[in-house]
Amino acid sequence: MKRIFFLDASGPPFGHMLLALGGYLGGFDGNFVWNRIGAEYSSNVPVWSLRLLPALAGAFTVPMAYQIVWELGFTHCAAMGAALLVLIENALITQSRLMLLESALIFFNLLAVLSYLKFSNFQKHRPFSLSWWFWLMLTGVACACAVGIKYMGFFTYLLVLTVASVHAWNLIGDQTLSHVRVFCHLLARAVALLVIPVVMYLLFFYIHLMLLCRSGPHDQIMSSAFQASLEGGLARITQGQPLEVAYGSQITLRNVFGKVMPCWLHSHQSTYPMIYENGRGSSHQQQVTCYPFKDVNNWWIVKDPGRHQLVVSNPPRPVRHGDIVQLVHGMTTRFLNTHDVAAPLSPHSQEVSCYVDYNISMPAQNLWRLDIVNRESDGEIWKTILSEVRLVHVNTSAILKLSGAHLPDWGFRQLEVVGEKPLRGYHESMVWNVEEHRYGQSQEQKERELELHTPTQIDISRNLSFMARFSELQWRMLTVKAEDSEHKYSSTPLDWVTLDTNIAYWLHPKTSAQIHLLGNLVIWASASLATLVYTLLFFWYLLRRRRNIHDLPDDAWLRWVSAGTLCAGGWAVNYLPFFLMEKTLFLYHYLPALTFQILLLPVVLQHISEHLCRSQLQRSLFSALVVAWYSSACHMFNMLRPLTYGDRSLSPSELMALRWKDSWDILIRKY
């Protein structure tokens, strides 16, 4: 709402944009600090508007559940049962009533599946009709929206693509279709299911980056070029800087690898200790480190080894790829140096220092060759912010590198910089870019120190292209890891199936009214049982069909397989990947998988009634059991209702009754 750039590793921006849209429609000005769960909203926060879109998404999942089961070819009764189960699932209700993204993710997951089912049914009767095109295109749009909300939406997208690929393969083998007709079918599917999702995904980021044009606290994790493209922050500092680095330029060098925090090549008067704590000796030269804060000691001067002056000539002589340079520390006038002395914390690498002449047999080795890594895209001339460079030591071929280790107190806890032999391979920590840049005009040291604080006035635009900003932001989202921390409500994927966890969302400060994310136990247990029953029956039927024993007619078998592919498959692809994820997990991560599992439940019930109950009496008894089971699910919903809506206070006896699981565990331990 304030158009300040932020980085959220939880997923792409579309979900946040939906919430922001609700706030915008409600007149929200963004002036609220979201830093404490349970804090009261101020009068300027339109809570109703912010919760509107998640609530609508949650409400629309009910009719979509009905439509999906109906489109799969099952009865109205089964479809109505699926809609009823989604309607009375307490966890889905709780999640959709708050400013959270899971209900929108579930909505677009189901919309993608429903759209593809309707498209498939039109494929049988009216291919290339207007309705056929509408549902095919809507499938791609829904898949893009699901992925745009959370990366978990990609697994539903992958499921839809897999089903579409199988259908396309069958189309290729259909001898009744001409080659042109088959080509048109494949082209339409490629455009709708591949091109449109990619274009929409890029569109989400385009709008996101267009809106977030101002500098913010998350800038530091991005590259210098990205930061300079934002209003304020680095853009304010670097405005008017010269573009091309020349001999005599005064520069700061930022390490490209600064994922957790940025840092700049730095030196100061202090020297390395004569003897380290482990007994190794050092050169006792001036320390060179990487410092994570702006500082005057971050400034260096690019010097031509063949000349003495430290100023930019007229006209300036730009530094090019492959040139040999010296780097002079601006405040101490000592040269960046490395030699065959082990680094303090990385003994396999060379020490990097600023050379101090002690009149001993240790000559200066301060020549560096400039290697512009991205010269194919940004040219052979060393450019401010844009060029990513490596500094290769001429004498030893070592490359200037950030090791990332924190020096002890004698190094002021700053980060170690080393000379790394190229045999150890390429790494981003070897790459640097010029962030701040001035053309030096003063040869005298005192005048030069004052000059370091005076910006130049040559205005050079450094606006990054959208694709460059998108690529960097997408890479950061995928690679930046949040700090792993235990949470009192965190859980494991196994806890979700057994509902052995919950999340306390809200507690009234004065009464016992509260809201918990807690599932309907009857529905969760029955859905897991239905998945197990479906799996066993599927493989049983499959083995018997292999022996040419057809328990089901072909049309019933195809319905059974289709339902399992989309419902059981939807549950599997939205659940099993969490076993491989190394991050803090919560119960709400299971809700997309649970929704698919709920859709499978009435499918299994109808199948048992129609194909496993042999007599009318068995069907009647089974129907009575199903009605009783639905009644128990409704009763469980009503029992948990106070914790779902938080709309009334609870007496101590009611709270104890709702903690039946704790009472049961105590009883088991007692006996």
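Definitions and cut-offs
- Residues numbered from 1 in each chain as written.
- Predicted model: local features only at pLDDT ≥ 70, side-chain atom pairs only at ≥ 80, totals over all residues.
- Heavy atoms only, no water.
- Helix = DSSP H or I, 4+ residues; strand = E, 2+ residues; numbered from the N terminus.
- Buried < 20%, exposed > 50% of the residue type's maximum accessible area, 1.4 Å probe, protein only.
- Contact = heavy atoms within 4.5 Å.
- Polar contact = N/O pair within 3.5 Å; in protein donor to acceptor, adjacent residues only side chain to side chain.
- Core = buried A, V, L, I, M, F, W, Y, C linked by side-chain atoms within 4.5 Å.
- Phe/Tyr/Trp six-rings, centres within 6.5 Å; stacked < 30°, edge-to-face > 60°.
- Expected span 1.5 Å × (residues − 1).
- Bend = angle between axes of the 7 residues up to and from the residue.
- Disulfide = S-S within 2.5 Å.
- Patch = residues over 30% accessible without salt bridge, like charges linked within 9 Å, V, L, I, M, F, W, Y side chains within 5 Å.
- Areas by Shrake-Rupley, 256 points an atom, 1.4 Å probe, with all protein chains shown as cover.
- Salt bridge = Lys/Arg side-chain N within 4 Å of Asp/Glu carboxyl O.
- Domains from an automatic or database assignment.

Participant: Hey, could you run me through the overall build of the protein in this one?
Facilitator: Looking only at helices and strands, one finds 20 helices and 14 strands in the protein. Dimensions of the protein along its principal axes, counting C-alpha atoms only, are 105 × 75 × 55 Å. The burial tally for the protein puts 51% of its 671 residues in the buried class. Restricting to contacts in the protein with at least 6 residues of sequence separation, those with at least 24 account for 72%.

Participant: I tried to follow the side chain of Asn366 on my own but got confused; where do I start?
Facilitator: If you trace the backbone, Asn366 turns up in the loop between strand E7 (350–354) and strand E8 (368–372). Since its relative accessible area comes to 13%, Asn366 is described here as buried. Polar side-chain contacts of Asn366 include one of 2.8 Å to the side chain of Gln326. Once residues within four sequence positions are removed from consideration, Asn366 is found in contact with Val325, Gln326, Phe335, Leu336, Asn337 and His393.

Participant: Sorry, what's going on with the nonpolar core here?
Facilitator: Side chains of a nonpolar character, in soluble globular proteins, are inclined to be buried together. The biggest cluster of nonpolar side chains holds 127 residues, and the ones touching the most others in it are Phe108 and Trp560. Not counting residues up to four positions away in its chain, the partners in contact with Phe108 are Phe14, Leu18, Ala142, Cys145, Ala146 and Ile149.

Participant: Looking at this structure, how should I read the packing of aromatic side chains?
Facilitator: Both the distance between ring centres and the angle between the ring planes are used here to describe each pair of aromatic rings. Considering all chains together, one arrives at 36 aromatic pairs under this definition. For the ring pair Phe205 and Phe470, a centre distance of 5.0 Å and an interplane angle of 80° mean the geometry is edge-to-face. Of this pair, Phe205 sits in helix H8 (residues 179–211) while Phe470 sits in helix H13 (residues 466–479), and the two are 265 residues apart along the sequence. We note that Phe205, like Phe470, is buried. Considering the side-chain rings of Tyr534 and Phe538, the 6.1 Å spacing of their centres and the 15° angle between planes classify their relative orientation as stacked.

Participant: Any chance you could explain helix H2 (residues 47–71) here in plain terms?
Facilitator: Think of an α-helix as 3.6 residues a turn; residues three or four steps apart then line up on the same face. Between its first and last C-alpha, H2 extends 37 Å over 25 residues, near the 36 Å set by a 1.5 Å rise per residue. Most pronounced at Leu53, the bend in H2 amounts to some 35°, and the proline Pro54 follows within four residues.

Participant: Help me understand the environment of Cys263, please; the structure alone is not making it clear to me.
Facilitator: Mapping Cys263 onto the fold places it in the loop between strand E1 (249–255) and strand E2 (264–271). Judged by its relative accessible area of 1%, Cys263 falls in the buried class. For the pair Cys263 and Asn121, spaced 142 residues apart in sequence, the C-alpha to C-alpha distance is 58 Å. Ignoring sequence-local partners within four residues, the contact set of Cys263 consists of Leu253, Arg254, Asn255, Cys290, Tyr291, Pro292, Leu402 and Leu415.

Participant: Sorry if this is basic, but what is going on with the environment of Leu499 here?
Facilitator: Looking at where Leu499 falls in the secondary structure, it is placed in the loop between helix H14 (493–497) and strand E13 (503–507). The exposure class assigned to Leu499 is buried, which follows from its relative accessible area of 8%. Taking the C-alpha atoms as reference, Leu499 lies 8.0 Å from Leu518; in sequence the two are 19 residues apart. Discounting chain neighbours no more than four positions away, the residues touching Leu499 are Gly519, Leu521, Trp524 and Leu587.

Participant: Help me understand the side chain of His185, please; the structure alone is not making it clear to me.
Facilitator: Mapped onto the elements, His185 comes out in helix H8. Discounting chain neighbours no more than four positions away, the residues touching His185 are Gln123, Pro127, Phe128, Trp132, Leu171 and Leu177.

Participant: I tried to follow the state of the cysteines on my own but got confused; where do I start?
Facilitator: Covalent bonding between the sulfur atoms of two cysteines is what defines a disulfide. This structure, assessed with the given rule, holds one disulfide. You can see Cys567 has no disulfide; the closest cysteine sulfur is in Cys143, sitting 16 Å from it.

Participant: What should I look at first to understand a nonpolar patch on the surface in this one?
Facilitator: A cluster of nonpolar side chains, contributed by Phe183, Leu187, Val191, Leu194, Val195 and Val199, occupies part of the molecular surface with about 530 Å² of accessible area. Mapping Val199 onto the fold places it in helix H8.

Participant: What's the story with the domain arrangement of the protein in this structure? I'm lost.
Facilitator: Put simply, an interface is often sized by how much accessible area is lost when its parts join up. Examined at the domain level, the protein breaks down into domain 1 (240–457) and domain 2 (490–670). Between domain 1 and domain 2, the C-alpha centre-to-centre distance is 61 Å.

Participant: Help me understand helix H3 (residues 76–87), please; the structure alone is not making it clear to me.
Facilitator: Taking 1.5 Å per residue, twelve residues should reach 16 Å; H3 reaches 16 Å between its end C-alpha atoms and fits that length. Those residues of H3 lying buried are Ala78, Ala79, Gly81, Ala82, Ala83, Leu85 and Val86.

Participant: Explanation requested: unusual backbone geometry in the structure shown.
Facilitator: Put simply, Asn314 and Pro315 share a cis peptide bond, and its omega is 5°. Here Pro315 is to be found in the loop between strand E4 (299–303) and strand E5 (324–329). Even without glycine at this site, Arg413 takes up a positive phi of about 60°. Located in the positive-phi region is Asn548, a residue other than glycine, with phi close to 65°. You can see Asn548 is positioned in the loop between helix H15 (521–546) and helix H16 (554–575).

Participant: Looking at this model, I keep getting lost on the pattern of salt bridges. Mind explaining?
Facilitator: It is possible for side chains bearing opposite charge to pair when their charged atoms get close. Taken as a whole and assessed by the stated rule, the structure comprises twelve salt bridges. Linking Arg390 and Asp371 is a salt bridge whose minimum nitrogen-to-oxygen distance equals 2.7 Å. Placement of Arg390 in strand E9 (residues 389–393) and of Asp371 in strand E8 is noted, with a sequence separation of 19 residues between them. For the pair Arg390 and Asp371, one class covers both residues: buried. One network of salt bridges, in which partners are shared, links Arg254, Lys294, Glu435 and Glu436.

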